[in-house]
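Fold and geometry: a report
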Amino acid sequence: SYIRIESNDFELGPIVTLMLREKSKTANDMVKDLMTQITFLGTLSGKAEIKLATSEPIQSTGTVDLQLKKASLDLNNPNLVVARQNFEKALIKGNLQGGKLTIDPNSALNSQELKVAFKGNSVLRNPFETSLLDFVIAIKLEGTLKENFGFIMSVIGGNDGGVNYTINGNIARPNFQGSAN
């Protein structure tokens, strides 16, 4: 019911690499090998503090203000020519007040060829499983990423340039839907 994170340049690279390697074992065959070829570098700075009042969700409070610094993503595949993605913006901000979680519209992961924007909110309810979701994750590919992976955006409901991924419904039965951006 309580989460607190405080970080000052915590190295995330080894953790992200380990997570990708583990997830690749059960991933779709289309992306399995790719997940083992990704190298991530970067540090985490900022704070997150969330107090969930599960018996009375409207009493829940919290803030999230996390930033990745010196972050980059590299694909080590000799068969693909993909530029190293250096993130000029890697920020996740949100606020939980009065039982409503709101993602700050400045939240984004932006490199020279990858743009990921987050927006939306969640209204917490009692019982917790009936809490409402209303989020959009907008992914846009450009340059070498679009050339090599644009087809994946089409497979998940977008077009070769990207996808707007909507998550709505409630926590117990979320609805996921992709559309072209």
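Read on for a plain summary of the structure. Keep in mind that what you see is a predicted model, and the values were worked out from it rather than measured.

What to know about the nonpolar core
In this structure, Leu75, Leu114, Leu141, Leu145 and Phe149 are the most contacted members of the largest nonpolar core, which totals 24 residues. In this view, Leu145 contacts Val82, Gln85, Glu113, Leu114 and Gly150; residues no more than four positions away in its chain are not counted.

Things to note about the layout of surface pockets
Its boundaries defined by the atoms lining it, the largest pocket holds a volume of some 1,400 Å³. Elements supplying a minimum of two residues to the lining of the largest pocket: α1 (13-24), α2 (29-36), β2 (38-51), β3 (61-75), β5 (89-97), β8 (114-123), β9 (132-141) and α3 (143-155). For the lining of the largest pocket, the class distribution of residues is 31 nonpolar, two polar and two charged. Taken as a whole, the second largest pocket encloses approximately 250 Å³ of empty space. Lining of the second largest pocket is provided by 13 residues; of these, Ile50, Leu52, Val64, Leu96 and Leu101 occupy positions nearest its centre. Elements with a contribution of two residues or more to the lining of the second largest pocket: β5 and β6 (100-103). If you tally residues by element for the lining of the second largest pocket, the top one is β5, at three residues. When its residues are assigned to classes, the lining of the second largest pocket shows eleven nonpolar, two polar and no charged.

Comments concerning unusual backbone geometry
Each neighbour pair has its own omega, and for Asn126 with Pro127 the value is 5°, a cis peptide bond. In this structure, Asp9 takes a positive phi of about 60° despite not being glycine. If you trace the backbone, Asp9 turns up in strand β1 (residues 2-11). Backbone geometry places Lys70, a non-glycine residue, at a positive phi of 50°. Tracing the chain through its elements places Lys70 in strand β3.

Rules used throughout
Residues numbered from 1 in each chain as written. Predicted model: local features only at pLDDT ≥ 70, side-chain atom pairs only at ≥ 80, totals over all residues. Heavy atoms only, no water. Core = buried A, V, L, I, M, F, W, Y, C linked by side-chain atoms within 4.5 Å. Buried < 20%, exposed > 50% of the residue type's maximum accessible area, 1.4 Å probe, protein only. Contact = heavy atoms within 4.5 Å. 1 Å grid on protein atoms, 1.4 Å probe; cavity = no way out; pocket = protein on both sides within 12 Å on 5 of 7 lines; lining within 4 Å. Points joined across faces, edges and corners; volume = space filled by probe spheres on them. Helix = DSSP H or I, 4+ residues; strand = E, 2+ residues; numbered from the N terminus. Nonpolar A, V, L, I, M, F, W, Y, C, P; charged D, E, K, R; others polar.

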